[in-house]
Amino acid sequence: MSELERRLASPPGRTPRLDEVTAHLRLRAERDGLLDVAYAGMDSPLGPLTVLVTPAGLLRVSYQDEPLEATLQEAADRISPRVLEAPERTDEVRRELEEYFDGRRRSFDLALDWRLV
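Residues numbered from 1 in each chain as written. Predicted model: local features only at pLDDT ≥ 70, side-chain atom pairs only at ≥ 80, totals over all residues. Heavy atoms only, no water.

Asker: Explanation requested: the pattern of salt bridges in the structure shown.
Answerer: Charged atoms that come close allow side chains of opposite charge to pair. Per the counting criterion, the structure on display carries 11 salt bridges. Between R94 and D91 there is a salt bridge, with the nearest N and O atoms lying 2.6 Å from each other. Separated by 3 residues within a single helix, R94 and D91 lie in helix 4 (residues 91-101), roughly one turn from each other. One salt bridge in this structure joins R105 and D109, with 3.2 Å as the shortest N-O distance. On the basis of relative accessible area, R105 is assigned to the buried category, the value being 15%. What you see here is one network of salt bridges that share partners, running through R95, E96, E99, R105 and D109. (Salt bridge = Lys/Arg side-chain N within 4 Å of Asp/Glu carboxyl O. Helix = DSSP H or I, 4+ residues; strand = E, 2+ residues; numbered from the N terminus. Buried < 20%, exposed > 50% of the residue type's maximum accessible area, 1.4 Å probe, protein only.)

Asker: So what exactly am I meant to see when it comes to the sheet that holds strand 1 (residues 37-42) here?
Answerer: Pairing between sheet strands relies on hydrogen bonds along the backbone, with the strands arranged either parallel or antiparallel. The strand order across the open sheet built from 4 strands is 3-2-1-4, with neighbouring strands paired in mixed fashion. Of all strands in the sheet, those with a lone pairing partner are strand 3 (57-63) and strand 4 (83-85), marking the two edges. If you compare each strand with its neighbour and ignore which way they point, the axes differ by 25° on average. Sheet topology places strand 1 next to strand 4; 3 bridges connect them, and they run parallel. Within strand 4, the position partnered with A38 by the bridge is L84. (Pairing = 2+ DSSP bridges. Axes fitted to C-alpha atoms, helices over the stretch in contact; angles between N-to-C directions.)

Just distances and angles here, no functional claims.
Rendered as structure tokens:
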């Protein structure tokens, strides 16, 4: 029985929570090198944003008027189908954006992935 099967075969009376399963899958994908595009949402003065990153750098920042499903599908079609919500992989980008919106940053130190341009 695999580790995932053991986690899914929860003790009697306890169903694994979706966030537990998702966290396990995310860690496993990262460990096995199967996470090509990570994304996370964030609040901003412009409204909700979605940040996508790859190992090469920032791939895209999407605004709330762009459907998330379409943004993720474009990344899956053009970069890799291995797209997963992984906020910790987007921390640096989100931190720099927050500093910019707070007026504490005027330029960015981020690597960029130009493949969607």
